[in-house]
Amino acid sequence: MLILSRKAKEAVIVDGRIRVSVMSILGWWVTLTIRWESGTVVSAVLTEDCSLVIEGGITIVVVAIVGDKCRLGFEADREISINREEIQAIVDRERGADQ
């Protein structure tokens, strides 16, 4: 399981096409918005140890909530990339420069 720490308004990019955004962290609750390239959007409110399975068997788990941060765990096949949004932006820029 890959675990990433995120604050509200920060995101994780899954497989280069699914954006998982932390919309808010209130006490023991985390509100996530999952947006696919196609425009489909799903919102979920989760507590610690809750999980959500999205396409392709990708599982998102709220591992911990501490103050203004949450730790999200991602379980997916090795072929699926999972990056913090700011890292994905660098990867995308480098791919554009290579072409």
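Above: the structure in question.
Described in the following lines is the structure provided in the data block. Here the structure is a predicted model, which means the values were calculated and not measured. (Residues numbered from 1 in each chain as written. Predicted model: local features only at pLDDT ≥ 70, side-chain atom pairs only at ≥ 80, totals over all residues. Heavy atoms only, no water.)

Points about the nonpolar core
With 23 residues, the main nonpolar core has Val 14, Val 30 and Phe 74 as its most contacted residues. Only strand E2 (11-14), strand E3 (18-26), strand E4 (29-36), strand E5 (41-46), strand E7 (58-66) and strand E8 (69-75) provide two or more residues apiece to this core. What Val 30 contacts, discounting residues up to four positions off in sequence, is Val 22, Ser 24, Ile 25, Ala 44, Val 45, Leu 46, Val 62, Ile 65 and Cys 70. (Core = buried A, V, L, I, M, F, W, Y, C linked by side-chain atoms within 4.5 Å. Buried < 20%, exposed > 50% of the residue type's maximum accessible area, 1.4 Å probe, protein only. Helix = DSSP H or I, 4+ residues; strand = E, 2+ residues; numbered from the N terminus. Contact = heavy atoms within 4.5 Å.)

Some details on the sheet that holds strand E9 (residues 82-84)
Taken in spatial order, the 5 strands line up as E5-E4-E3-E2-E9 in an open sheet, and their pairing is antiparallel. Each end of this open sheet is capped by a strand with a single partner; those strands are E5 and E9. The mean inter-strand angle of the sheet, taken between neighbouring strand axes irrespective of direction, is 20°. Where E2 lies against E9, 3 bridges are found, and the strand directions are antiparallel. Paired with Val 14 across the two strands is Ile 82, which belongs to E9. (Pairing = 2+ DSSP bridges. Axes fitted to C-alpha atoms, helices over the stretch in contact; angles between N-to-C directions.)

Some remarks on the pairing of E4
The side chains of a regular strand alternate, residue by residue, between the two faces of the sheet. Relative to E4, E3 runs antiparallel, the two being bridged by 8 bridges. Within E4, the residue paired with Ile 18 across the bridge is Trp 36. What sits between E3 and E4 in their antiparallel hairpin is a turn of 2 residues, with Gly 27 showing a positive phi close to 60°. Examined bridge by bridge, E4 and E5 share 6 bridges and lie antiparallel to one another. Of the residues in E5, the one forming a bridge with Ile 34 is Val 42. Between E4 and E5, which pair antiparallel in sequence order, lie 4 residues; one of them, Gly 39, sits at a positive phi of approximately 105°.

Section: the pattern of salt bridges
Applying the stated criterion across every chain yields a total of 7 salt bridges. Across the pair Glu 86 and Arg 6 runs a salt bridge whose closest N-O atoms are separated by 3.1 Å. In this pair, Glu 86 sits in helix H1 (residues 85-98) while Arg 6 sits in strand E1 (residues 2-7), placing the two residues 80 residues apart along the sequence. Classification of Glu 86 as partly exposed rests on a relative accessible area of 38%. For the salt bridge of Asp 15 with Arg 17, the shortest nitrogen-to-oxygen distance reads 3.1 Å. By relative accessible area, Asp 15 is classed as partly exposed at 29%. Salt bridges linked by common partners bring Arg 6, Glu 10, Arg 84 and Glu 86 together as one network. (Salt bridge = Lys/Arg side-chain N within 4 Å of Asp/Glu carboxyl O.)

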